[in-house]
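The chain contents come next:
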Amino acid sequence: YPLNRDYFAITDNENSMTKFHQFSLLSSWLFNTIRENSFVIDEFDDPTMIIKKMNLDLKILGYEVEHSDCSIKMGSGEAVLDVLTFLVDQALGVKQFRFEEPIYPESVRGSFLKDDDMAITFVQDFDEDNHSYF
């Protein structure tokens, strides 16, 4: 099922094992996007073993592990978000993903000029020939 945007941010003691499971699966996918076969969860691994494996692979990637195992075992909170942010940044780097400024259609750009003073600069800086901003 899809996760909402604050799923890992809000600590919920009733669902901590479910959140930890989802966090582990997402982390495993991200680790394997960064490096194949780097973080594998065995069906018999308990949460403590999963966290130990995760911390080892995080250190290999250059992440300084400063969180407690207990904070990760909750499946949500600041430590979980820090790990996910690091892994997502690494995965995007490996895939050479780059965020670019959006290119708005003329009808949308026209509405910016009417409604937002800051957008005037935005639209004026748009190079029509190269479809880019300078």
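Provided above is the structure to which this section pertains.
Remember, predicted model here, so these are calculated numbers, not experimental data.

(A) Broad picture of unusual backbone geometry. Unusually for a residue other than glycine, Asn37 sits at a positive phi of about 55°. Structurally, Asn37 is set in the loop between helix H1 (16–34) and helix H2 (47–60). Under the relative-accessibility criterion, Asn37 is labelled exposed at 66%. Positive phi outside glycine occurs at Gln96, with the angle close to 55°. Structurally, Gln96 can be placed in the loop between helix H4 (78–94) and helix H5 (106–115).

(B) Seen up close, the packing of aromatic side chains. Under the defined criterion, the tally for this structure stands at 5 aromatic pairs. Aromatic side chains Phe8 and Phe23 sit 6.3 Å apart centroid to centroid with 70° between the ring planes, which places their arrangement in the edge-to-face category. Here Phe8 is found in the segment before H1, whereas its partner Phe23 is found in helix H1, with 15 residues between them in sequence. We note that Phe8, like Phe23, is buried. Geometrically, the ring pair formed by Tyr63 and Phe86 is tilted, given 4.9 Å between the ring centres and 50° between the ring planes. Here Tyr63, found in the loop between H2 and helix H3 (69–73), pairs with Phe86, found in helix H4; they are 23 residues apart in sequence, far enough to count as distant.

(C) Molecular detail of the nonpolar core. Ranked by internal contacts, the top residues of the largest apolar core, which has 22 residues, are Phe23, Phe31, Met54, Leu58, Ile72, Val83 and Leu87. Counting residues per element, the ones that place at least two in this core are H1, H2 and H4. Here this core takes 7 residues from H4, the largest share from any one element. Excluding residues that lie within four positions of it along the chain, Leu58 makes contacts with Phe31, Tyr63, Val65, His67, Val83, Phe86 and Leu87.

(D) Just the pattern of salt bridges, in detail. Inspection of every chain in the model, using the stated rule, returns 2 salt bridges. Residue Asp45 pairs with Lys53 through a salt bridge whose shortest N-O separation is 2.5 Å. Residue class for Asp45 comes out buried when judged on its relative accessible area of 19%. For Lys53, a relative accessible area of 27% corresponds to the partly exposed category. For the salt bridge of Asp69 with Lys52, the shortest nitrogen-to-oxygen distance reads 3.1 Å. Taken together, the positions of Asp69 in helix H3 and Lys52 in helix H2 put the pair 17 residues apart, joining distant regions of the chain. Among the residues examined, Asp69 registers a relative accessible area of 25% and is labelled partly exposed. Under the relative-accessibility criterion, Lys52 is labelled partly exposed at 47%.

Calculation criteria
Residues numbered from 1 in each chain as written. Predicted model: local features only at pLDDT ≥ 70, side-chain atom pairs only at ≥ 80, totals over all residues. Heavy atoms only, no water. Helix = DSSP H or I, 4+ residues; strand = E, 2+ residues; numbered from the N terminus. Buried < 20%, exposed > 50% of the residue type's maximum accessible area, 1.4 Å probe, protein only. Phe/Tyr/Trp six-rings, centres within 6.5 Å; stacked < 30°, edge-to-face > 60°. Core = buried A, V, L, I, M, F, W, Y, C linked by side-chain atoms within 4.5 Å. Contact = heavy atoms within 4.5 Å. Salt bridge = Lys/Arg side-chain N within 4 Å of Asp/Glu carboxyl O.

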